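Report on the structure
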Amino acid sequence: ARMAVSAGQRREQVALILDAARRDPGPVIVAGDFNSPDINGLFEQEGFAWVTQAIPGTARFMRRWYQVDHVFARGLGAADEGPPAGCVDAAGISDHRAVWARLRITAPQDPP
């Protein structure tokens, strides 16, 4: 809920996700509706790639599109061919555009 959750509470939610990801040495995908255009730095600091960085806005609010749905990946890279991510209109299903990503397993990494 855009208005019900503060920026600090969103950062707390991301911190919980990142804490769980630190305990998993394998590839990790975190994806969803974060209702925030500015949480990417928290994931990038932990070694996640922001797979959906180049996609257009995914949710409309007051006649403007905002990029609030994200895919972050660690231990995975963009697929070799084609765009790494995109979004499509999901009229009648959601008030957000549906987000997709194409990933491939990269070389194993040491746990953080």
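The paragraphs below set out a description of the structure included in this document. Position labels on residues start from 1 in each chain and follow its written sequence. Given that this is a predicted model, residues contribute local features only at a pLDDT of at least 70 and side-chain atom pairs are listed and counted only at 80 or more, while totals for whole chains, interfaces and linings are drawn from all residues. Hydrogens and water are ignored here; the side-chain numbers use all heavy atoms of the structure.

Time to look at the overall build of the protein chain. The helix and strand labels rest on DSSP assignments: H or I over at least four residues marks a helix, E over at least two residues marks a strand, and numbering proceeds from the N terminus. Secondary structure assignment for the protein chain yields two helices and nine strands. Ordering the α and β elements of the protein chain from the N terminus gives α-β-α-β-β-β-β-β-β-β-β. Dimensions of the protein chain, computed from C-alpha atoms along their principal axes, come out at roughly 45 × 35 × 20 Å. A buried classification covers 34% of the 112 residues belonging to the protein chain. Each residue is assigned to one of three classes by its accessible area relative to the maximum for its type, calculated with a 1.4 Å probe on protein chains only: buried under 20%, partly exposed between the two thresholds, exposed over 50%.

Next up on the list: the packing of aromatic side chains. Geometrically, a pair of aromatic rings is defined through the distance of the ring centres and the angle of the planes. Note on ring pairs: Phe, Tyr and Trp rings are taken, using the six-membered ring of Trp, and paired if centres are within 6.5 Å. Classes follow the plane angle, with under 30 degrees stacked, over 60 edge-to-face and the rest tilted. According to the stated counting rule, one finds three aromatic pairs in the structure shown. Here Phe43 and Phe72 contribute two aromatic rings whose centre-to-centre distance is 4.1 Å and whose plane-to-plane angle is 10 degrees, an arrangement assigned as stacked. Of this pair, Phe43 sits in helix H2 (residues 40-44) while Phe72 sits in strand E5 (residues 69-74), and the two are 29 residues apart along the sequence. The burial state of Phe43 is the same as that of Phe72; both residues are buried. Connected via pairs of aromatic rings, a cluster forms that spans Phe43, Phe48, Trp50 and Phe72.

With that settled, the discussion passes to helix H1 (residues 7-22). To estimate the expected span of a helix, count its residues, drop one, and scale the result by 1.5 Å. With 16 residues, H1 should cover 22 Å at 1.5 Å per step; its first-to-last C-alpha distance of 22 Å lies within 8% of that length. Those residues of H1 not exposed but buried are Arg10, Val14, Leu18 and Ala21. End-on, the buried residues of H1 take up no more than an arc of 75 degrees, which puts them together on one face. For H1, the exposed residues lying more than 90 degrees away from the buried face are Glu12 and Leu16. Each direction from the helix axis to a C-beta atom contributes to the arc, which is the arc of those directions.

This brings us to the sheet that holds E5. The pairing criterion is simple: DSSP has to find at least two bridges between the two strands. What the three strands build is an open sheet, ordered E1-E5-E2; its pairing is antiparallel. Of all the strands in the sheet, just strand E1 (28-33) and strand E2 (49-50) have a single pairing partner and so form its edges.

Another point: the nonpolar core. Here, nonpolar core refers to any group of buried Ala, Val, Leu, Ile, Met, Phe, Trp, Tyr and Cys residues whose side-chain atoms link them within 4.5 Å. The biggest cluster of nonpolar side chains holds eleven residues, and these are Val14, Leu18, Ala21, Val28, Val30, Phe34, Ile39, Phe43, Phe48, Trp50 and Phe72. For this core, the secondary-structure elements that each account for two or more residues are H1 and E1. At three residues, the largest contribution of residues to this core is made by H1. Not counting residues up to four positions away in its chain, the partners in contact with Ala21 are Val28, Phe48 and Arg74. Counting seven residues, the second-largest nonpolar core is a separate cluster that includes Val51, Ile55, Ala73 and Ala85. Pairs of residues are marked as contacts when any of their non-hydrogen atoms sit within 4.5 Å.

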